[in-house]
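What the coordinates show
One-letter residues, chain by chain:
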Amino acid sequence: MMNFINTLRDIFKIEELKDKLLLTIGLIAVYRFMAAVPLPGIDPTQLAALKDQAGGGLLGLLNAFTGGAFARASVMALGIMPYISASIVVQLMGIAIPYLQKLQKDGESGRKKITQITRWLTILITLVQGPTYITAIKTQFGLPESAFLVGGATFWVSSMILLTAGTIFAMWLGERITDKGVGNGISLLITVGIIANFPAAFLQEFIAKTTNAGGGGIMMILIEVLVWFVVILLTVLLVTAVRKVAVQYARRTAIANIKDVEGARQYIPLKLNAAGVMPIIFAQAIMFLPMTLGQKFPALVSLTDINGLWYNVIFAVLIIIFSYFYTAITIPTNKMAEDLKRSNGFVPGYKPGEETANHLDSVLSKITFPGSLFLAALSILPAIIVQFGVTQSWALFYGGTSLIIMVGVAIDTIQQINSYLLNSRYDGLMKTGNTNRKSLK
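Going by the annotation in an unreviewed UniProt entry, the name recorded for the protein is Protein translocase subunit SecY, with Tenacibaculum platacis given as the source organism. What UniProt states about the protein under its Subunit (unreviewed entry) heading is, verbatim, "Component of the Sec protein translocase complex. Heterotrimer consisting of SecY, SecE and SecG subunits. The heterotrimers can form oligomers, although 1 heterotrimer is thought to be able to translocate proteins. Interacts with the ribosome. Interacts with SecDF, and other proteins may be involved. Interacts with SecA." According to its UniProt record, the protein has this under Sequence similarities (unreviewed entry): "Belongs to the SecY/SEC61-alpha family."

See below:
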């Protein structure tokens with residue numbers, strides 16, 4: 001405990017790191033404040049129906065990502081999700097569109113142009129999602145007519161402008177955190193939104209277990225928390241696990257007329273879950289189709305139950321498929337092999353070039369299979385947990401996109417802080433980064 005306190009004190013001794021942390025905390029506070037501001041023309045005291053609709057399923061996930069802004073009909077109701085959608089579209093389009101492929105190879109200048117394209121696409125997506133959200137809260141979420149204090153074109157125009165401005169502002173906050181603060185800004189905003197729902201979800205579960213007959217009381221709460229910690233540990237393993245492919249670089253040294261080639265051994269780290277949370281996001285988007293079919297055809301009604309067997313079987317299969325798909329398009333083994341060849345490196349036992357690329361692709365395919373199974377199991381875990389009497393809002397923290405994002409962002413942020421501490425000759429936050437404090441002073 002004392003080491004942790006000393007580390008926190010060391011963080012504030014580094015002026016640059018302290019400024020970055022304070023800026024990050026300040027921008028996050030602004031984001032959370034804006035998420036509580038409702039759209040003009042809506043009575044916030046009559047949003048109970050909207051909150052009930054956003055209590056679970058895909059709407060519950062969207063509400064979690066926006067930190068409850070979706071259920072509050074806030075000016076930040078769409079949050080950063082249009083920007084994420086735009087980023088995914090641009091990334092996928094980069095496979096087929098030569099212009100985007102050229103930009104990806106142009107270094108910093110190309111990255112800036114891609115960022116600009118993503119921003120404009122974010123605005124277009126918001127202009128599509130905004131009217132859908134406004135229509136839904138007026139017609140599908142059961143809000144009483146008295147909840148709308150302003151109607152007609154005035155409400156529509158003002159709401160569209162504010163929703164679009166809210167998304168752009170969230171995007172700007174995320175980029176500022178990335179550039180001037182600590183961590184990935186967009187991911188941090190999503191994580192903070194998810195964590196914002198944690199106290200209410202846990203309190204709801206605590207009340208359900210301690211007040212209802214047969215709920216299990218405090219002992220059941222302790223068991224659930226213990227299981228939750230185990231799931232977090234398994235998620236950390238999924239996020240951090242890598243397969244190291246040994247690489248050697250030929251290094252020539254010349255002494256008089258004698259040339260010697262020494263092997264400098266390094267590794268290519270291939271992640272067990274290289275696709276991250278993207279397979280879950282893709283699968284959830286596709287699951288709209290079976291849910292729609294289930295609503296139209298009574299024989300398929302089981303597909304509308306997000307906690308049902310067949311829904312989760314299809315969901316898990318889609319996650320496995322998209323894990324292979326997204327890994328294939330984001331990990332260019334051919335380019336890795338060519339870069340290795342140009343840098344005079346090779347994988348022992350394999351010829352540089354095509355043979356190395358095939359080997360890397362084979363290794364990646366083999367480790368993607370257990371990684372995708374683990375990811376699929378983690379994604380359907382909330383549906384399994386619900387069957388044991390856990391509330392839907394608390395079950396969301398037992399797996400799926402929410403938990404993976406929280407763990408991934410936490411690890412990334414800690415690593416960034418750790419690098420600042422080590423560069424300034426302080427002990428790091430993680431044991432692997434510890435150095436001898438006395439020897440460096």
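For the protein, the count of helices and strands is 19 helices and 3 strands. Across the 441 residues that make up the protein, the buried fraction comes to 43%. Contacts spanning at least 24 positions in sequence make up 69% of the contacts within the protein whose residues lie at least 6 apart. A total of about 23,100 Å² of accessible surface is found on the protein, and carbon and sulfur atoms cover 66% of it.

What follows is about the pattern of salt bridges. Using the criterion set out here, one finds 7 salt bridges in the structure. K209 is the partner of E205 in a salt bridge, and the nearest nitrogen-oxygen pair spans 2.7 Å. Linking E205 with K209, this pair stays in helix α10 (residues 198-211), spanning 4 residues, or about one helical turn. Across the salt bridge formed by R342 and D339, the nearest N and O atoms sit 2.3 Å from each other. Of this pair, R342 and D339 both sit in helix α15 (residues 333-342), separated by 3 residues, roughly a single helical turn. Classification of R342 by relative accessible area gives exposed; the value is 63%. On the basis of relative accessible area, D339 is assigned to the partly exposed category, the value being 31%.

A pair of packed helices is captured by two measures, namely the crossing angle of their axes and the spacing between those axes. Remark: helix α12 (residues 278-286) packs on helix α14 (residues 309-330), axes separated minimally by 8 Å, with the N-to-C direction vectors making an angle of 130°. Considering the angle they form, α12 stands oblique to α14. In this structure, the crossing between α12 and α14 has a hand that is right-handed. Side by side, α12 and α14 meet where M278, P279, I280, F282, A283, Q284 and I286 of the first sit next to F315, L318, I319, F322, S323 and Y326 of the second. Taken together, the residues of the contact of α12 with α14 break down into 11 nonpolar, 2 polar and no charged.

It is worth spelling out empty space enclosed by the protein at this point. Inspection of every chain in the model, using the stated rule, returns 2 cavities of 30 Å³ or more. Its boundaries defined by the atoms lining it, the second largest cavity holds a volume of some 50 Å³. In terms of lining, the second largest cavity is formed by K271, L272, N273, A274, A275, S323, T327, T368, G371 and S372. At the level of elements, α14 and α16 (354-386) are the ones that each hand at least two residues to the lining of the second largest cavity.

The rules behind these values
- Residues numbered from 1 in each chain as written.
- Predicted model: local features only at pLDDT ≥ 70, side-chain atom pairs only at ≥ 80, totals over all residues.
- Heavy atoms only, no water.
- UniProt positions renumbered as here; feature names shortened; annotations may be inferred.
- Helix = DSSP H or I, 4+ residues; strand = E, 2+ residues; numbered from the N terminus.
- Buried < 20%, exposed > 50% of the residue type's maximum accessible area, 1.4 Å probe, protein only.
- Contact = heavy atoms within 4.5 Å.
- Areas by Shrake-Rupley, 256 points an atom, 1.4 Å probe, with all protein chains shown as cover.
- Salt bridge = Lys/Arg side-chain N within 4 Å of Asp/Glu carboxyl O.
- Axes fitted to C-alpha atoms, helices over the stretch in contact; angles between N-to-C directions.
- Parallel < 35°, antiparallel > 145°, perpendicular 65-115°, else oblique.
- Left-handed = near helix turned anticlockwise from the far one by under 90°.
- Nonpolar A, V, L, I, M, F, W, Y, C, P; charged D, E, K, R; others polar.
- 1 Å grid on protein atoms, 1.4 Å probe; cavity = no way out; pocket = protein on both sides within 12 Å on 5 of 7 lines; lining within 4 Å.
- Points joined across faces, edges and corners; volume = space filled by probe spheres on them.

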